[in-house]
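Listed below are the residues making up each chain.
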Amino acid sequence: MNRSDSSSEKSDDEPPNPLNLEGLVSLNEIVEISGLSKKKVKEICNKYPIRIPRYYFSLIKERGDGIYKQCMPSPEELLDYLGEEDPLNEESKIEGSVPKTIIHRYPDRLVLQVSNQCAMYCRFCTRKRKVGDLRKQISWDEIKEGIDYIKEHEEIRDVLLSGGDPLMLPNGDLEKILKSTREIPHVEIIRIGTRVPCALPQKINSELCNMLKKYHPIWINTHFNHPNEITEESKKACTMLADAGIPLGCQTVLLKGVNDSVGIMKELMQKLVKMRVRPYYIYQADTIKGTKHFRTRVEKGLEIIEGLRGHTSGLCVPHFVIDAPGGGGKIPLLPQYVLKIDDEKIALRNYENKNYEYPQPD
Ligand SMILES: *Cc1c(COP(=O)(O)O)cnc(C)c1O
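Described in the following lines is the structure provided in the data block.

**Some points on the overall build of the protein chain**
Of regular secondary structure, the protein chain possesses 11 helices and 12 strands. By the compact-globule yardstick of 21 Å for 362 residues, the protein chain fits well, its C-alpha radius of gyration being 21 Å. Taking the principal axes of the C-alpha coordinates as reference, the protein chain spans close to 75 × 50 × 40 Å. A total of 362 residues make up the protein chain; the buried ones form 50% of that total. A separation threshold of at least 6 residues defines the contact pool for the protein chain, and within that pool the share at least 24 residues apart is 74%. For the protein chain, the computed accessible surface area is about 17100 Å², with 52% contributed by carbon and sulfur atoms. For the protein chain, the distance from the average position of its 53 positive side-chain charges to the average position of its 53 negative side-chain charges is 3 Å.

**Looking at the pairing of strand β11 (residues 345–349)**
Here strand β10 (residues 338–341) pairs with β11 via three bridges, running antiparallel. From the neighbouring strand, Lys 340 faces β11, where its bridge partner is Ala 347. Hairpin connection, β10 to β11: the antiparallel pair is bridged by three residues. Relative to strand β12 (residues 355–359), β11 runs antiparallel, the two sharing five bridges. When the bridges of β12 are listed, Ala 347 appears paired with Glu 357. In textbook terms, the turn of a hairpin is the stretch between consecutive antiparallel strands, and for β11 and β12 this stretch comprises five residues, one of which, Asn 353, has a positive phi near 65 degrees.

**Points about the pairing of strand β8 (residues 319–324)**
In terms of strand pairing, strand β7 (residues 277–283) meets β8 through three bridges, oriented parallel. Within β8, the residue paired with Tyr 283 across the bridge is Val 321. Two elements, β8 and strand β9 (residues 329–333), share five bridges in a ladder whose sense is antiparallel. Paired with Ala 324 across the bridge in β9 is Gly 329.

**Overview of the packing of aromatic side chains**
All chains considered together, the criterion is met by three aromatic pairs. Each ring, one from Phe 124 and one from Phe 294, has its centre 5.8 Å from the other, and the planes form 75 degrees; the classification is edge-to-face. With Phe 124 in the loop between β2 (109–113) and α5 (140–152) and Phe 294 in the loop between β7 and α11 (298–308), this pair connects stretches of sequence that are 170 residues apart. This pair shows no difference in class: Phe 124 is buried, exactly as Phe 294 is. Aromatic side chains Tyr 280 and Tyr 281 sit 4.2 Å apart centroid to centroid with 40 degrees between the ring planes, which places their arrangement in the tilted category. Ring-pair connections join several aromatic residues into one group, and the members of that group are Tyr 280, Tyr 281 and Tyr 283. When the ring centre of Tyr 48 is taken as reference, the NZ or CZ atom of Lys 128 above it lies at 4.3 Å. The lysine or arginine in question, Lys 176, covers the ring of Trp 140, its NZ or CZ lying 4.3 Å from the ring centre.

**Some points on the site of the ligand**
As a structural note, the neighbourhood of the ligand is formed by Ile 103, Arg 105, Tyr 106, Arg 109, Val 111, Leu 160, Arg 191, Tyr 280, Tyr 281 and Lys 330. At 2.6 Å from an oxygen atom of the ligand is found a side-chain nitrogen or oxygen belonging to Arg 109. In this structure, Lys 330 approaches the ligand through a side-chain N or O atom, which is 2.9 Å from an oxygen atom. Compared with its free state, where it exposes 380 Å², the ligand has 90% of that area covered by protein. Looking at the shell around the ligand, the elements with two or more residues in it are β2 and β7. Partitioned by chemical class, the residues of the shell around the ligand number six nonpolar, no polar and four charged.

Cut-off values and rules
Residues numbered from 1 in each chain as written. Predicted model: local features only at pLDDT ≥ 70, side-chain atom pairs only at ≥ 80, totals over all residues. Heavy atoms only, no water. Helix = DSSP H or I, 4+ residues; strand = E, 2+ residues; numbered from the N terminus. Rg over C-alpha atoms; globule rule 2.2 N^0.38 Å. Buried < 20%, exposed > 50% of the residue type's maximum accessible area, 1.4 Å probe, protein only. Contact = heavy atoms within 4.5 Å. Areas by Shrake-Rupley, 256 points an atom, 1.4 Å probe, with all protein chains shown as cover. Lys, Arg positive; Asp, Glu negative; His and termini not counted. Charge placed at Lys NZ, Arg CZ, Asp CG, Glu CD. Pairing = 2+ DSSP bridges. Phe/Tyr/Trp six-rings, centres within 6.5 Å; stacked < 30°, edge-to-face > 60°. Lys NZ or Arg CZ within 6 Å of the ring centre and 35° of its normal. Near = heavy atom within 4 Å. Polar contact = N/O pair within 3.5 Å; in protein donor to acceptor, adjacent residues only side chain to side chain. Nonpolar A, V, L, I, M, F, W, Y, C, P; charged D, E, K, R; others polar.

Bear in mind that shape data such as this cannot, by itself, settle questions of function.
In structure tokens:
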């Protein structure tokens, strides 16, 4: 359901299906389950596209649960007058200097946006301003300009393919991008950011894995936010990717009413590690327009890290970060473990709040 489809001849209860996704939830079902009027759902959808794979929808246990909130539209999306469309300044570029598809913020790595389509449009999306909008689709020429930019910048050793979702591209298109990126001598690693293993795990098949593994070293950061997203299907998808030799990480977003508790996060992190996915980041929710109702206080994230570190395997403890408004990049936050530090010693506390001292060298 995209704005540009609103004038098409499709019937109301048939969302547009440009990628031949099978099994999308229909507008009528969204209306029925949400209890919102059809008019309201359309109003939301005209501003922020809705797409829910039937598989993901089936994980909802009750209205308003952590799965429901991530995929189902809420009238609150239209009531956010304070948020900004692009608080991370991803779009602000000196005219002509950096291609539209590139976000170059760090010295040795950058983001190449290869699609604006996703398997599902998460209601809290950081790129809510443009995902799923058929008028903002990314062309081949724009991707090529991005790849040329990488070629010209020899300091770039790490390329993050993002979007939208790179794994929503036809395999052949993704392969062309991987191949031309891999041919650049200074590019050491290629990363793919994707929510497909979570939102549409059936899309991960041996054909895709066999293609990906030709372009190693490839790393994948996936995106799970709730333990109920970890199912036989998502486990199978992650296992296939891991068996293709791809190290898997997870970027989780801290979301009010979804995962803002130590108990839920601990269960999620443990389940991720069990399927060979290493938790990488927990993000403080960005100040994106239309997502205000998902934001927690920053203390909540610190409380979660405090509740993980020491209490469970270090493998289950990601970094908690704020992506700085204004485009300052990701800044890590830690609970205060350092009590005092001077020339002689450092005073520390551990996860049980017991105090320790470590002597400095002479
Ligand atoms: C997150 C991000 C990266 C990668 O950061 P890491 O901390 O290396 O994972 C690179 N570029 C941009 C613009 C990013 O937002």
